[in-house]
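Chain by chain, the residues run as shown.
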Amino acid sequence: GAVVSQHPSWVICKSGTSVKIECRSLDFQATTMFWYRQFPKQSLMLMATSNEGSKATYEQGVEKDKFLINHASLTLSTLTVTSAHPEDSSFYICSASSFAGLAGVLQNEQFFGPGTRLTVL
Amino acid sequence: EDKVVQSPLSLVVHEGDTVTLNCSYEVTNFRSLLWYKQEKKAPTFLFMLTSSGIEKKSGRLSSILDKKELFSILNITATQTGDSAVYLCAVGGTSYGKLTFGQGTILTVHP
């Protein structure tokens, strides 16, 4: 199956600093990557959809200036949490998907990275 | 707005029991329904269902979709302690590639 990696797996930072999380598709070209946030005992909440070479599409309520997403290549997307605060502490998960078939349909099957646990002190 | 509801929210069973997890949905332009298993880290893919009435099976796990009644079930037979996890149901609809997740079912299997 397709493999997606995330780095770092966990990070602790002081309030006010910025943190960058990388998401890489290791064995396929990911035309689209998704960034989720998951609070304890809750489900995955989609933050934004990122397409290679274009601006990310953010879900309602997610501040695009606070959560900067870059998808510069077909194998790498980054999420930067700017001026992080304790309420940003969460489990951040990326997933990747790609087009397939002659029609170039984007598959619903998403492959998830292992997640990054962010703790802001 | 797309909506996915899972039930029960939590379930405690003993090894050897059979469990059935439910997922109902309301989505515009349904494309597929996916089941994931999440342990301590990110979700791992179990099944993707696109057609009604066709059972997908993998070992002790099986799943089926009913597009008329808008629900899916995930069955786990002869449960083991290693099946303890959160089981997530997600549906892909209108927005290309985007998945809407349910709240998850927390399954605990006791020895």
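Residues numbered from 1 in each chain as written. Chains lettered and ligands numbered in written order. Predicted model: local features only at pLDDT ≥ 70, side-chain atom pairs only at ≥ 80, totals over all residues. Heavy atoms only, no water.

So, the overall build of chain B
- Regarding its fold elements, chain B presents zero helices and eleven strands.
- Listing every helix and strand of chain B by position from the N terminus yields β-β-β-β-β-β-β-β-β-β-β.
- Its C-alpha radius of gyration of 13 Å places chain B within 12% of the 13 Å reference for a compact globule of 111 residues.
- Counting only C-alpha atoms and orienting by the principal axes, one finds that chain B spans roughly 40 × 30 × 20 Å.
- For chain B, restricting intrachain contacts to residue pairs at least 6 apart in sequence, the fraction spanning at least 24 positions comes to 55%.
- Taken as a whole, chain B presents about 5400 Å² of accessible surface, with 52% of it coming from carbon and sulfur.
- Across chain B, the mean location of the 11 positive side-chain charges is 6 Å away from that of the 10 negative side-chain charges. (Helix = DSSP H or I, 4+ residues; strand = E, 2+ residues; numbered from the N terminus. Rg over C-alpha atoms; globule rule 2.2 N^0.38 Å. Contact = heavy atoms within 4.5 Å. Areas by Shrake-Rupley, 256 points an atom, 1.4 Å probe, with all protein chains shown as cover. Lys, Arg positive; Asp, Glu negative; His and termini not counted. Charge placed at Lys NZ, Arg CZ, Asp CG, Glu CD.)

Some words on the environment of K56 of chain B
All names here are of chain B.
- Inspection of the secondary structure assignment puts K56 in strand β6 (residues 56-58).
- Distance from K56 to T105, taken between C-alpha atoms, is 20 Å for residues 49 residues apart in sequence.
- Those residues within four positions of K56 in sequence are excluded, and the remaining contacts are F47, M48, L49, L61, S62 and S63.
- A polar atom in the side chain of K56 sits 3.0 Å from the backbone oxygen of M48. (Polar contact = N/O pair within 3.5 Å; in protein donor to acceptor, adjacent residues only side chain to side chain.)

Notes on the sheet that holds strand β7 (residues 67-73) of chain A
Residues and elements named next belong to chain A.
- On the basis of which strands lie adjacent, the open sheet formed by four strands has the order β1-β3-β8-β7 and antiparallel pairing. Both outer strands of the open sheet, β1 (4-7) and β7, are each paired with one neighbouring strand and no more. When strand polarity is set aside, the average angle formed by the axes of neighbouring strands in this sheet is 15°. (Pairing = 2+ DSSP bridges. Axes fitted to C-alpha atoms, helices over the stretch in contact; angles between N-to-C directions.)

Side note on the packing of aromatic side chains
- Here the structure, examined in full by the defined rule, presents nine aromatic pairs over all chains.
- Ring geometry for F28 of chain A and F111 of chain A: centres 5.8 Å apart, planes at 65°, overall edge-to-face. Taken together, the residues F28 of chain A in the loop between β3 (19-25) and β4 (32-38) and F111 of chain A in strand β12 (residues 111-112) connect sequence positions 83 residues apart.
- F28 of chain A sits in the buried class, given a relative accessible area of 16%.
- For the ring pair Y36 of chain A and F101 of chain B, a centre distance of 5.5 Å and an interplane angle of 90° mean the geometry is edge-to-face. In this pair, Y36 of chain A is assigned in strand β4 and F101 of chain B in strand β10 (residues 99-101), connecting two distinct chains.
- Owing to a relative accessible area of 0%, Y36 of chain A belongs among the buried residues under this scheme.
- Among the aromatic residues, those joined into a ring-pair cluster are Y36 and F112 of chain A together with Y36, F45 and F101 of chain B.
- K66 of chain A extends its terminal NZ or CZ atom over the ring of F67 of chain A, reaching a point 6.0 Å from the ring centre. (Phe/Tyr/Trp six-rings, centres within 6.5 Å; stacked < 30°, edge-to-face > 60°. Buried < 20%, exposed > 50% of the residue type's maximum accessible area, 1.4 Å probe, protein only. Lys NZ or Arg CZ within 6 Å of the ring centre and 35° of its normal.)

Some thoughts on a nonpolar patch on the surface
All names here are of chain A.
- On the surface, a cluster of nonpolar side chains totalling about 390 Å² of accessible area is made up of W10, I12 and L121.
- Within the secondary structure, W10 sits in strand β2 (residues 10-13).
- You can call W10 exposed: its relative accessible area is 57%. (Patch = residues over 30% accessible without salt bridge, like charges linked within 9 Å, V, L, I, M, F, W, Y side chains within 5 Å. Salt bridge = Lys/Arg side-chain N within 4 Å of Asp/Glu carboxyl O.)

Re the nonpolar core
- W35, F67, L79, Y92 and L118 of chain A are the most contacted members of the largest nonpolar core, which has 24 residues in total.
- When neighbours within four sequence positions are excluded, Y92 of chain A is seen to be in contact with Q6, I21, Y36, R37, M47, F67, L79, G115, T116 and L118 of chain A.
- Ranked by size, the runner-up nonpolar core spans 22 residues in total, among them V13, L33, L49 and L61 of chain B. (Core = buried A, V, L, I, M, F, W, Y, C linked by side-chain atoms within 4.5 Å.)

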